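Chain by chain, the residues:
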Amino acid sequence: FCLFVNDGSNDASLEILKSRMAKCDSFQVLDLVANAGHQNAILAGMLAVWDEVDCAITLDVDLQDDVSVVPKMLDAHASGAEVVYGKRKERISDSWFKRNTARAFYRLMTLMGVKLVPDHADFRLMSRRAISCLCEFGERNLFLRALISNMGLPSEIVYYDRKERSHGESKYTLRKMISFAWQGITSFSIVPLSFITAIGAFIFIVDCVLM
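Residues numbered from 1 in each chain as written. Predicted model: local features only at pLDDT ≥ 70, side-chain atom pairs only at ≥ 80, totals over all residues. Heavy atoms only, no water.

Trainee: I'd like a rundown of the side chain of Gln64, residues and numbers included.
Mentor: Among the secondary structure elements, Gln64 is positioned in the loop between strand S3 (55–58) and helix H3 (70–78). In this structure Gln64 touches Tyr160, Asp161, Arg162, Lys163, Glu164 and Arg165, once residues within four positions along its chain are discounted. (Helix = DSSP H or I, 4+ residues; strand = E, 2+ residues; numbered from the N terminus. Contact = heavy atoms within 4.5 Å.)

And the structure:
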């Protein structure tokens, strides 16, 4: 079945989903009372179904992720993969700005020692066991891309061509991207802490010398 997570949207999304539900029993809606953020919405959706399914596949409703590779994901899961990452082959569907800021994002993550799969967003399959393991972390500031990669479960990668956005505009602004990157760095890298510690030690030494 398909579970749609309505992340506190203030447009007609919920009404449209409910009308679709009336026509299809396999459609269900999880309506969050307030906007919890993209990562929390994904986690909420998985928590709502994990004990009812063998695996769950997450993707954004803009339909840029190619659902035709879902059978390949299921095949990889049947072969033993607990996590199957959907990774885009290229970024030709992105604008120049989006493409280059995304590259900078992954380079920065790698430089800071954050383990993740480049050019993978949140189009992935997770087994029931993987979702159960994810729940045990109890993270508040979610950065699923790195969190899932660090679980160490058997995984596979499925490559696909990402489609151009056919309707609407992305609300993922540069400000949100920077905030997202900072959240990943501070959650999974000791580089900022080491840097601050080094500065503190330097100031302490200088202060002792000048006293």
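This is not the end of the story, as more comes after the structure.
Trainee: Residue-level account of the nonpolar core, with values.
Mentor: Among the nonpolar cores identified, the biggest contains 19 residues, and Met46, Met126, Ala130, Leu134, Leu144, Ile148 and Met151 are the most heavily contacted of them. Those elements that place two or more of their residues in this core are helix H2 (38–49), strand S4 (83–88), helix H5 (128–135) and helix H6 (144–149). In terms of residues, this core owes the most to one element, H2, which gives 4 residues. Apart from the residues lying within four places of it in its own chain, the contact partners of Leu134 are Leu43, Met46, Met126, Leu144, Leu147, Ile148 and Met151. (Core = buried A, V, L, I, M, F, W, Y, C linked by side-chain atoms within 4.5 Å. Buried < 20%, exposed > 50% of the residue type's maximum accessible area, 1.4 Å probe, protein only.)

Trainee: How would you sum up the environment of Glu52? Please name residues and give values.
Mentor: Here Glu52 shows up in the loop between H2 and S3. Taking the C-alpha atoms as reference points, Glu52 and Arg128, 76 residues apart in sequence, are found 8.6 Å from one another. Among all residues touching Glu52, those that are not within four sequence positions of it are Phe1 and Arg128.

Trainee: Go over the state of the cysteines with me, naming the residues and quoting the values.
Mentor: Considering all chains together, one arrives at 0 disulfides under this definition. Cys135 provides the cysteine sulfur closest to Cys133, a residue in no disulfide bond, and the two sulfurs are 9.0 Å apart. (Disulfide = S-S within 2.5 Å.)

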